[in-house]
Amino acid sequence: MQVGSTSSPSGYEPGYHGGRRRILFSLTACHTLNDILNIVIAPLIPLLRLTFGLTFSQAGVLPFLSLALSSVLQPTLGYLADRRRARIHLMGIGFIFMAAGMLLMGVADGYIVLLLAMLVIGTGASTYHPQSATFIAYYFKGERGKAQGIHGIGNGIAFILAPLIVTRLGQDLGFRPVVFLLAALGIVGALIIWTQLKEPAVVGSRGLWAGVNRSLIFLMLVNGLSIGVHTGVITWLPSFYFDRVGNLFVAGTLTAAMSISTLIAQPVGGKVSDLIGRRNVLFISVLGSSASLALFVAVPVLMNALGIASVSVGTAIFGDLPLVVLLMVPFTILFGFWGSLMPPVTMVYASELASGERSGMAVGIVWGTGTALSSVFPLITGVMIENWGFDLTFLSLVFVGPLIALIAALLPRG
């Protein structure tokens with residue numbers, strides 16, 4: 001039986017009096033809040049390094065812990081939520097955990113407490129994506145790609161707002177007031193979940209690993225490596241810009257620019273995958289991301305080869321900025337666009353490859369275990385930056401793209 005074919009015992013049917021629209025709007029809002037609470041770790045790194053005197057390597061451990069724990073928990077929690085029809089309860093509790101983690105970070109007096117806060121945030125972050133994919137698979141059968149793409153707009157909004165909020169308020173108020181304010185977002189997310197969503201009337205089959213197949217494993221590798229490359233860039237991009245321009249808010253704003261295209265890319269990726277197939281969109285995303293990152297790294301090299309000096313250029317918003325930085329920003333926007341085609345596609349693809357109504361488990365495998373794979377990238381790239389610098393580190397990520405494309409070729413047409 002396909003996800004979405006079961007009627008709700010309460011009589012709630014997909015499309016009932018605009019119910020689907022309310023569910024999609026609520027999920028998109030919660031997606032924004034969930035991802036802000038996850039994404040803020042990267043733009044917080046300059047503040048964390050200043051407040052606690054952390055090295056790049058120590059700072060890299062923080063997002064690693066959150067991502068790694070989240071990824072380990074996602075398949076199991078997705079399976080349990082499917083079996084118990086407890087998706088709404090689990091998602092709401094997850095937001096409460098993320099709020100608690102932010103509060104703990106706000107009262108931290110040292111590195112150990114920061115690490116503990118990351119574990120709490122990672123636990124909360126493990127509850128959202130598998131369950132949200134089940135909602136979309138159930139209520140939007142026939143247009144899952146389109147619905148997941150609209151849902152993905154929340155991710156784009158989060159990537160834009162997170163660095164802006166953190167760097168603007170962090171510069172004005174300091175580190176601790178910012179994380180206390182962020183904790184409130186977790187409470188808002190829990191309230192939306194508990195008041196606006198209707199539990200899908202579908203129960204997962206027994207057997208956590210019974211639904212795992214070769215295609216899901218390949219999709220997990222494609223997703224994990226792709227997220228890893230983007231995490232390796234987005235984690236350190238605020239620090240890269242801060243190193244170049246010396247202004248925290250400008251660094252955050254330039255980082256946010258990378259995600260503007262996400263608002264278009266996620267709906268486009270989902271809709272196009274309904275038309276030309278999921279695997280084809282994965283190929284386009286991987287190759288476009290690698291090309292854009294290569295061009296980003298090549299800008300200073302080409303300027304040196306052409307004898308173009310990196311003079312300061314006056315801008316209306318930011319004042320004087322190095323020319324090399326201004327020329328690199330468009331390629332981060334392209335990098336963000338191509339990479340943002342993939343998330344809605346992998347979510348839908350995973351739910352379609354699932355068997356026995358295990359969409360939560362399948363998304364947990366692809367998104368959660370994939371995130372586990374990606375979680376090592378901030379850790380590794382932090383060490384690389386400390387030893388090699390930003391440029392060589394970003395260049396090394398370019399060469400992961402061809403490997404991802406080879407694995408994607410092993411996926412079924414879909």
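What this report covers is the structure whose coordinates are included nearby. Only a predicted model underlies this, so the values are computations on that prediction, with no experimental measurement involved.

**A short note on the packing of aromatic side chains**
1) Next: Scanning all chains against the criterion turns up 13 aromatic pairs.
2) Next: Residues Phe-95 and Tyr-128 carry aromatic rings whose centres are separated by 6.3 Å and whose planes lie at 70° to one another, so their mutual orientation is edge-to-face. Of the two residues, Phe-95 sits in helix H4 (residues 87-106) while Tyr-128 sits in helix H6 (residues 128-139), which places them 33 residues apart along the sequence.
3) Next: Within the aromatic cluster, the residues linked to one another by ring pairs are Phe-56, Trp-236, Phe-240, Tyr-241, Phe-296, Phe-390 and Phe-394.
4) Next: Lying across the ring of Phe-56, Arg-49 places its NZ or CZ 4.0 Å from the centre.
5) Next: Over the aromatic face of Phe-249 sits the side chain of Arg-168, whose NZ or CZ is 4.4 Å from the ring centroid.

**Some words on the environment of Ile-160**
1) Next: Looking at the element boundaries, Ile-160 is found in helix H8 (residues 153-173).
2) Next: Expressed as a C-alpha distance, the spacing of Ile-160 and Asp-109, which sit 51 residues apart in the sequence, is 29 Å.
3) Next: Discounting chain neighbours no more than four positions away, the residues touching Ile-160 are Ala-256, Ser-259, Ile-260 and Leu-263.

**Quick look at the pattern of salt bridges**
1) Next: The final tally for this structure, using the stated rule, is six salt bridges.
2) Next: Of the charged contacts, one joins Arg-20 and Glu-143 as a salt bridge, the two residues approaching to 3.2 Å between their closest N and O atoms. Within this pair, whereas Arg-20 is found in helix H1 (residues 19-39), its partner Glu-143 is found in the loop between H6 and helix H7 (144-151), the two being separated by 123 residues in sequence.
3) Next: Owing to a relative accessible area of 25%, Arg-20 belongs among the partly exposed residues under this scheme.
4) Next: Asp-274 is the partner of Arg-278 in a salt bridge, and the nearest nitrogen-oxygen pair spans 2.7 Å.
5) Next: On the basis of relative accessibility, which here comes to 7%, the residue Arg-278 falls in the buried class.
6) Next: Shared partners join several salt bridges into a network, and the residues in it are Asp-243, Arg-244 and Asp-391.

About the criteria used
- Residues numbered from 1 in each chain as written.
- Predicted model: local features only at pLDDT ≥ 70, side-chain atom pairs only at ≥ 80, totals over all residues.
- Heavy atoms only, no water.
- Phe/Tyr/Trp six-rings, centres within 6.5 Å; stacked < 30°, edge-to-face > 60°.
- Helix = DSSP H or I, 4+ residues; strand = E, 2+ residues; numbered from the N terminus.
- Lys NZ or Arg CZ within 6 Å of the ring centre and 35° of its normal.
- Contact = heavy atoms within 4.5 Å.
- Salt bridge = Lys/Arg side-chain N within 4 Å of Asp/Glu carboxyl O.
- Buried < 20%, exposed > 50% of the residue type's maximum accessible area, 1.4 Å probe, protein only.

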